[in-house]
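Residues per chain, in single letters:
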Amino acid sequence: MKLREFSRQDVENKKVLMRVDFNVPLKDGIVTDVTRINAHVATIRQLLDWGAKVTLVSHLGRPKGKRVDSLSLSHVVEKIESALGCPVTFVDDVIGEKVKNAVDSAPAGTVILLENSRFYLEEEKNDSDFAKKLAHPFEVFVMDAFSASHRAHASTRGVMEYLPSFSGHLISREIEMLSAVSEAPEKPFVLILGGAKVSDKIKVIDHLLTKVSAILIGGGMAYTFLAVQGKNIGHSLYEEDKADFARQMLNKAKEIGVDIVLPVDTAVADSLESDAPRKEVSVNEISPSDMGLDIGKETVALFASYIEKAKTILWNGPMGVFENPVLAEGTRLVAEAVEKCTKNGGVTVVGGGDTASAVKKLGFSEKVTHVSTGGGASLEFCEGKILPGIEPLLETQ
């Protein structure tokens with residue numbers, strides 16, 4: 001899958017509207033994590049180098065069509081200026097004369113930031129009139145917000161009906177790397193799945209089962225699979241309504257020769273809030289009062305035996321409650337194994353959301369091939385979906 005990228009000729013000295021994702025965490029009006037801002041810097045700088053007037057549009061939080069001061073993108077201006085090393089002009093609207101006048105009067109090489117697009121209800125409805133008004137002051141649209149590309153909103157899809165549209169560097173890199181692991185991966189291809197729920201990963205498993213060599217399952221979702229094998233899982237997370245799916249996947253994988261590898265030991269406690277020392281038990285020895293909260297060392301060794309042989313790895317979902325240092329060990333040790341695979345030439349891609357947060361917190365963000373910014377978009381792409389914010393940018397062969 002290849003996207004239509006902008007050239008110098010497409011954007012030079014033009015008024016460019018660029019969709020970014022500045023949906024950043026705020027505390028008392030201060031940005032606490034600039035990862036999403038930094039992710040767009042390369043695209044913005046390229047546009048500036050080619051003399052474009054760059055106007056950035058993003059959402060922030062869920063204001064539900066109302067102006068909410070705490071969700072104003074004015075809070076983000078200082079961090080954008082710091083990341084780019086240049087002034088950023090803030091316009092407290094998204095459409096209308098105020099925006100048009102700011103864009104028309106700005107010199108080439110200027111960066112403008114518009115207000116939160118979700119202050120308008122029409123944004124999430126992908127209202128065509130709103131999209132037309134959003135596009136009106138501009139000559140070109142650049143879509144660079146991969147993490148918002150699974151939403152058909154006015155600023156991610158509707159505006160493309162009215163402007164020549166191209167992908168930015170971030171979104172092109174995302175598609176390149178996620179395509180590498182989901183379309184024609186080099187084998188052995190190992191899929192590592194974790195996180196809380198089977199239900200979050202059903203479509204990924206369905207789509208990739210015939211492409212993978214093995215699926216390693218940790219996190220809360222593992223206990224539903226263990227339960228259908230007859231294990232006593234105590235108070236561990238169990239999705240009764242997904243038991244049939246788990247059973248079917250185990251049977252189907254066996255039929256087609258794909259290994260589904262489940263934990264053989266687990267770190268247990270009597271509650272999520274437990275501050276007791278780490279206790280590991282065999283999955284055959286989980287007591288009725290136990291709650292499984294991380295994979296154990298024997299499971300890590302088992303998983304690592306697959307990871308070290310892999311040529312391609314896709315990892316989505318932590319192995320345990322990584323926010324708790326006592327329960328982060330499984331995720332950390334799996335990350336170490338993935339790092340080793342990367343050093344040995346493997347293509348290793350970490351899905352977005354909690355997995356991206358985990359590898360960043362544990363210091364592994366720079367030690368894998370790619371960490372997706374996508375969250376829900378990464379999952380939907382790996383489910384085989386054509387994302388609405390990407391579809392119009394696809395190069396036709």
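Reading the values: the criteria
- Residues numbered from 1 in each chain as written.
- Predicted model: local features only at pLDDT ≥ 70, side-chain atom pairs only at ≥ 80, totals over all residues.
- Heavy atoms only, no water.
- Pairing = 2+ DSSP bridges.
- Helix = DSSP H or I, 4+ residues; strand = E, 2+ residues; numbered from the N terminus.
- Axes fitted to C-alpha atoms, helices over the stretch in contact; angles between N-to-C directions.
- Buried < 20%, exposed > 50% of the residue type's maximum accessible area, 1.4 Å probe, protein only.
- Arc of directions from axis to C-beta.
- Contact = heavy atoms within 4.5 Å.

**Points about the sheet that holds strand β12 (residues 265-269)**
Argument step 1. Ordered by their spatial adjacency, three strands build an open sheet running β13-β12-β14, and the pairing between neighbours is antiparallel. Two strands close off the open sheet at either side, each with one partner strand: β13 (279-282) and β14 (291-295). Strand-to-strand, the axes of this sheet are offset by a mean angle of 50 degrees, without reference to chain direction.
Argument step 2. When β12 meets β13, the two strands line up antiparallel, connected through four bridges. Paired with aspartate 265 across the two strands is serine 282, which belongs to β13.

**Digging into helix α4 (residues 77-84)**
Helical geometry: 3.6 residues make up each α-helical turn, so side chains three or four residues apart lie on a common side.
Argument step 1. Inspection of α4 places Val77, Ile80, Ala83 and Leu84 among the buried residues, and these make up the whole buried set. Each buried residue of α4 lies within a common arc of 125 degrees when the element is viewed along its axis, so the set occupies one face. Projecting away from the buried face of α4 at angles above 90 degrees are the exposed residues Glu78 and Ser82.
Argument step 2. If you follow the buried residues of α4, they end up packed against α2 (35-39), α3 (41-49), β4 (53-57), β5 (89-91) and β6 (111-114).
Argument step 3. At the exit of α4 stands glycine 85, carrying a positive phi of roughly 75 degrees.

**Structural notes on the sheet that holds strand β15 (residues 312-316)**
Argument step 1. Spatially, the six strands line up as an open sheet ordered β11-β10-β9-β15-β16-β17, and their pairing is parallel. Taken across any chain shown, the strands that pair with only one partner, and hence form the sheet edges, are β11 (259-261) and β17 (370-371).
Argument step 2. Where strand β10 (residues 214-217) lies against β11, three bridges are found, and the strand directions are parallel. When the sheet's bridge partners are listed, leucine 216 is paired in β11 with valine 261.
Argument step 3. On top of the sheet, helix α8 (residues 169-182) reaches β9 (189-193), β15, β16 (347-350) and β17; it is set at about 115 degrees to β16, its chief contact.
Argument step 4. Helix-sheet contacts for helix α13 (residues 329-343) involve β9, β15 and β16, and the interaxial angle to β15 is about 155 degrees.

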